[in-house]
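Understanding the architecture of this molecule
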Amino acid sequence: MSAATEAGGAWTERYAASLMNVFGPPKLVLARGRGARVWDVDGREYVDLLAGIAVNALGHAHPRLVAAVTEQLSTLGHVSNFFATEPQVRLAERLGALLTAPMAEPLETRVFFTNSGAEANEAAFKLTRRTGRTKVVVTEGGFHGRTMGALALTSKQAYREPFEPLPGDVVFVPYGDAAALEAAVDGATAAVLVEPVQGEAGVVVPPAGYLPAAQRIAHDHGALLWLDEVQTGVGRTGAWFAHQHPDLVDAPVTPDVVTLAKGLAGGVPIGACIATGGTGKLFDPGNHGTTFGGNPVAAAAALAVLDTIEDDGLLARAATTGRRLTDGVADPRVTEVRGSGLLIGIDLVEPKAAEVVAAAQDAGFIVNAATPERVRLAPPLVLADADVTAFLDAWPGILDAAGVGAGERPA
Ligand SMILES: *Cc1c(COP(=O)(O)O)cnc(C)c1O
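A short tour of the structure in this document, coming up. Going along each chain's sequence as written, the residues are numbered from 1 onward. Whole-chain, interface and lining totals are the exception, using all residues; otherwise, since this is a predicted model, local features are given only for residues with pLDDT of at least 70 and side-chain atom pairs are given and counted only at 80 or more. To get the side-chain values, all heavy atoms of the structure are used, and hydrogens and water are removed first.

Quick notes on the pairing of strand E11 (residues 334–340)
Consecutive residues of a regular strand have side chains that alternate between opposite faces of the sheet. For two strands to be treated as a pair, DSSP must find at least two bridges joining them. Segments assigned H or I by DSSP are reported as helices when at least four residues long, segments assigned E as strands when at least two residues long, and all are numbered from the N terminus. Pairing analysis gives six bridges linking E11 to strand E12 (residues 343–348), with the strands arranged antiparallel. Note that in E12 the partner of Arg338 across the bridge is Gly345. Where E11 folds back onto E12 in an antiparallel hairpin, the turn is made up of two residues, including Gly341, whose phi is positive at roughly 55 degrees.

Things to note about the site of the ligand
If even one non-hydrogen atom of a residue comes within 4 Å of a molecule or strand, that residue is called near it. Residues in contact with the ligand, as listed here, are Ser116, Gly117, Ala118, Asn121, Phe143, His144, Gly145, Glu195, Asp228, Val230, Gln231 and Lys262. Separating an oxygen atom of the ligand from a backbone N or O atom of Ala118 is a distance of 2.8 Å. At 3.2 Å from a nitrogen atom of the ligand is found a main-chain nitrogen or oxygen belonging to Phe143. Note on areas: Shrake-Rupley, 1.4 Å probe, and residue coverage restricted to the protein chains presented here. With the chains in place, 82% of the 380 Å² that the ligand exposes on its own is no longer accessible. By the criterion applied in these results, polar contacts are pairs of N or O atoms within 3.5 Å in which, for protein atoms, one can donate a hydrogen and the other can accept it, and in which residues neighboring in sequence qualify only through two side-chain atoms.

A look at the packing of helix H3 (residues 63–75) against helix H10 (residues 296–311)
In contact at an axis separation of 8 Å, H3 and H10 are set at 150 degrees when each is read in the N-to-C sense. Compared by their axis directions, H3 and H10 come out roughly antiparallel. Note that H3 runs across H10; the crossing there is right-handed. Contacts from Arg64, Leu65, Ala68, Val69, Gln72 and Leu73 of H3 reach H10 at Pro296, Val297, Ala300, Ala301, Ala304, Val305, Asp307, Thr308 and Asp311. For this classification, Asp, Glu, Lys and Arg are treated as charged, while Ala, Val, Leu, Ile, Met, Phe, Trp, Tyr, Cys and Pro are nonpolar and the rest, including Gly, are polar. A class-by-class count of the residues in the contact of H3 with H10 yields ten nonpolar, two polar and three charged. For every element, the axis is a line fit to its C-alpha atoms; helices are fit only across the contacting stretch, and the angle between N-to-C directions ranges from 0 to 180 degrees. Any angle that falls under 35 degrees is termed roughly parallel, while one over 145 is termed roughly antiparallel, one within 65 to 115 roughly perpendicular, and all others oblique. Each crossing is labelled by how the near helix is turned from the far one, with a counterclockwise turn of less than a right angle marking it left-handed and a clockwise turn marking it right-handed. Two residues form a contact once any of their heavy atoms are found within 4.5 Å.

Structural notes on the layout of surface pockets
Both site types are read off a 1 Å grid over the protein atoms alone. A 1.4 Å probe that fits but cannot get out defines a cavity, while an open set with protein on both sides within 12 Å along at least five of seven lines defines a pocket; lining residues have an atom within 4 Å of a point. Grid points are joined across faces, edges and corners, and a volume is the space filled by probe spheres set on the points. Considered as a void within the structure, the second largest pocket measures approximately 300 Å³ in volume. The wall of the second largest pocket is formed by 14 residues, among which Arg110, Val111, Phe112, Gly280 and Phe283 lie closest to the centre. Contributing elements (two or more residues each) for the lining of the second largest pocket: strand E4 (109–114) and strand E10 (271–276). When grouped by side-chain class, the residues that make up the lining of the second largest pocket number eight nonpolar, four polar and two charged.

Observations regarding helix H4 (residues 86–100)
By this rule the span expected of a helix is its residue count minus one, scaled by 1.5 Å. Along its 15 residues, H4 runs 21 Å from first to last C-alpha, staying within 8% of the 21 Å computed at 1.5 Å per residue. Between buried and exposed lies partly exposed: a residue is buried under 20% and exposed over 50% of the maximum accessible area for its type, with that area taken using a 1.4 Å probe on protein chains only. Restricting attention to buried positions, one finds in H4 the residues Pro87, Gln88, Leu91, Arg94, Leu95, Gly96, Leu98, Leu99 and Thr100. If you follow the buried residues of H4, they end up packed against H3, E4, strand E9 (257–260), E10 and H10.

Focus on the side chain of Gln215
Mapped onto the elements, Gln215 comes out in helix H9 (residues 210–220). With residues near it in sequence (within four places) discarded, Gln215 still touches Leu225, Pro252, Val253, Thr254 and Pro255.

Description of a nonpolar patch on the surface
Residues Met20, Val22 and Phe23 make up a contiguous nonpolar surface patch of roughly 440 Å² in combined accessible area. If you trace the backbone, Val22 turns up in the loop between helix H1 (3–18) and strand E1 (30–34). Look at Val22 and you get exposed, because its relative accessible area is 62%. Patch membership requires over 30% relative accessible area and the absence of a salt bridge. Like charges are linked within 9 Å, and nonpolar side chains (Val, Leu, Ile, Met, Phe, Trp, Tyr) within 5 Å. By definition, a salt bridge exists where a carboxyl oxygen of Asp or Glu is found within 4 Å of a side-chain nitrogen of Lys or Arg.

Observations concerning the sheet that holds strand E13 (residues 365–366)
Strands pair in a sheet through their backbones, by hydrogen bonds, and they do so in one of two ways: parallel or antiparallel. Spatial strand order, E1-E2-E3-E13: four strands in an open sheet with mixed pairing. Edge positions in the sheet fall to E1 and E13, since each has one partner strand and no second. In this structure, strand E3 (residues 45–48) lies alongside E13, joined through two bridges in parallel fashion. For Asp48, the partnering residue across the bridge sits in E13 and is Ile366.

Examining the pairing of E9
Alternating residues of E9 divide into Val257 and Thr259 and Val258 and Leu260, and every residue in both groups is buried. In this sheet, E9 lies alongside strand E8 (residues 224–228) in parallel orientation, the contact comprising three bridges. Residue pairing in the sheet places Trp226 in a bridge with Val257 of E9. Inspection of the sheet shows E9 paired to E10 by four bridges, in the antiparallel sense. Bridge assignment links Val258 to a residue of E10, and that residue is Ile274.

Observations regarding unusual backbone geometry
Glycine aside, residues mostly have negative phi, and peptide bonds are mostly found in the trans state. For the peptide bond that leads from Glu164 to Pro165, omega is 5 degrees, which places it in the cis range. Assignment of secondary structure puts Pro165 in the loop between helix H7 (157–160) and strand E6 (170–173). With a phi close to 60 degrees, Ala54 is a non-glycine residue in the positive phi region. The residue Ala54 is located in helix H2 (residues 51–54) in this model. One non-glycine residue with positive phi stands out, namely Asp169, at about 60 degrees. Structurally, Asp169 can be placed in the loop between H7 and E6. Asp169 gets classed as partly exposed once you look at its relative accessible area, which sits at 36%.

Side note on helix H13 (residues 385–402)
Here H13 contains 18 residues, and its C-alpha end-to-end distance of 25 Å stays within 8% of the 26 Å for a straight helix at 1.5 Å per residue. The sharpest bend along H13 measures roughly 40 degrees and falls at Trp395, with the proline Pro396 sitting one to four residues further on. Within H13 the residues assigned to the buried category are Asp387, Val388, Phe391, Leu392, Ala394, Trp395, Ile398, Leu399 and Ala402. Directly after H13, the chain includes Gly403, whose backbone phi takes a positive value near 70 degrees. Two axes enter the bend calculation: one fitted to the seven residues ending at the residue in question, the other to the seven starting there, and the bend is the angle between them.

Structure (structure tokens):
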């Protein structure tokens, strides 16, 4: 072991002795970042193709984000929700405008800001109770967060089981299956909750008719259509919202509730629960609350992210960079590449995603194992063409080093 690797090792030991063990050992101890590059405490450089799990939309240390946060924090950092601030109001208006832009007659919108995706979903879950109904229909493989309410809506048994009983009246149906939704939704249903693309499940894309069908089924029964765009929203798929992406839906979708978080403020913690029409008025004063949610620093950060995506053409860039990556990772050891824009799932011929993550890291690239057989890429929207080339050049060697398909590879 060189002296260089010892710094990371020492921090990892201190981490294990001081932090709760819920995430397993950290893969790296990171010290700084710039654009799509990060450096560990031993000075080693990586191309970050995960972006803090689809969060760092503008990469690391983007000058506009740094300036917006610095300026706002130097002006007014926090006030609580006894008071309003300009960035908070501007951001709520802006999100409403982006959400309703494709509508022939834009609906009114109302926003509740939070600090995370789980909290955005908690707010939405509570909002659904204000319909007077309690049943929520959700999808198998869906992920909505780790708080008790969000967990109740999340299907993974390993996450749920240690914490049962969870809030009830949640019904699970297979994802992407409109007939299953049709059978499950009834007059007692408060909401249908779906991700437009399932992120944590490994980037699972439903048929293009699924979201329009989900909307029709929900509305036929007087239930709300609630889309969890925590991972897919804010440009990730190449559209502002995945449910607006022409490749992902074959007809317009007008959700009643949309939840956002991850990429919204480019790494500054924030979440948002946006509701349209009358749904946005279901909460009465006192029904919900938060100390930090909507604070001006997070709101200013989000406004800087939205401005930069718009000014720098990052929706189009996500689409073209995504296509290059999607086409470029094709390999006999890859069975399928799914996703949209810069949310990409790569299916391997055998469950060696963890080995691929380790081999990629050795080669200087950060990627993620969403499931044992699915590698996920969710890089910054600003990923440079040269970094894409470097990764695609390295990819076959990464699969070699991970031993993927070693036994069955043609000579
Ligand atoms: C990450 C994620 C969440 C949870 O967000 P946190 O900020 O981790 O609480 C909820 N829904 C989806 C679709 C996610 O990808």
